[in-house]
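Letter by letter, the chains look like this.
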Amino acid sequence: MSILPDILAPELDVVFCGSAAGAVSARVGAYYAGPGNRFWPSLAAVGLTPVELPPERCRELPHYGLGLTDLCQRASGADADLPQDADDPAALDAKIRRYRPRVLAFVGKRSAKAFLNARHVDVGRQAASPFPATELFVLPSPSGAARGSWDIQPWHALAAQVGRQPPGAPGSRR
């Protein structure tokens, strides 16, 4: 059984894939609900949503062309505390092939490395994808625990990749 249900629909612009629900997210039943998490402010800041949504409104994301899932759905907590066998890359692969988003964006390097079976991944657009219709993107973790490596620029690059701009940007329709 999933800690948090997937929020997916066919042919979304972006599906965000994290490692697993954090402790607060699991407790309240909403993605990226931990204190200090920059996920929701970042979506608005880069123009992926028109306003900053609270985590409790996560089920509205498909209205904005966005979806959510986690690589590990049967455990929650900090990445370091997840069981080694908890990731399910085959399930993620099946979801992406079924729903065919334009971009699969890994929220943090850990989920990208686990899915790609890679020792190292760079932040940003990935050169190769196992999916014919879906590009891969790796974002820095928005977790409050990852403040030292935070950079919103890759989030802006992702938004530009799918044709979105922050409110007030030249050419922005918002």
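The rules we used
- Residues numbered from 1 in each chain as written.
- Predicted model: local features only at pLDDT ≥ 70, side-chain atom pairs only at ≥ 80, totals over all residues.
- Heavy atoms only, no water.
- Buried < 20%, exposed > 50% of the residue type's maximum accessible area, 1.4 Å probe, protein only.
- Helix = DSSP H or I, 4+ residues; strand = E, 2+ residues; numbered from the N terminus.
- Arc of directions from axis to C-beta.
- Contact = heavy atoms within 4.5 Å.
- Pairing = 2+ DSSP bridges.

S.K.: For this particular structure, what's the right way to read helix H3 (residues 89-99)?
M.R.: Every α-helix winds through 3.6 residues per turn, so residues three or four apart in the chain are directed the same way. Listed as buried for H3 are Leu-92, Lys-95, Ile-96 and Tyr-99. Burial along H3 is one-sided: seen end-on, the buried residues are contained in an arc of 95°. What points out from H3, more than 90 degrees from its buried face, is the exposed set Ala-90 and Arg-98. The secondary structure elements touched by the buried residues of H3 are strand S1 (14-18), strand S2 (66-70), strand S3 (103-107) and helix H4 (109-116). Arg-100 lies just past H3 and shows a positive phi near 50°.

S.K.: I keep staring at the pairing of S2 and nothing clicks. Help me out?
M.R.: The side chains of a regular strand alternate between both faces of the sheet. When you tally the buried positions in S2, you get five out of five residues, the bulk of the element. Here S2 shows two buried faces, one formed by Leu-66, Leu-68 and Asp-70 and the other by Gly-67 and Thr-69. The sheet contact formed by S1 and S2 spans five bridges and is parallel. Directly across from Gly-18, in S2, lies its bridge partner Asp-70.

S.K.: I'm lost on the side chain of Ser-42 in this one. Help?
M.R.: In this fold, Ser-42 is placed in helix H2 (residues 39-45). Discounting residues that sit within four places of it in the chain, Ser-42 has contacts with Trp-150, Ile-152 and Trp-155.

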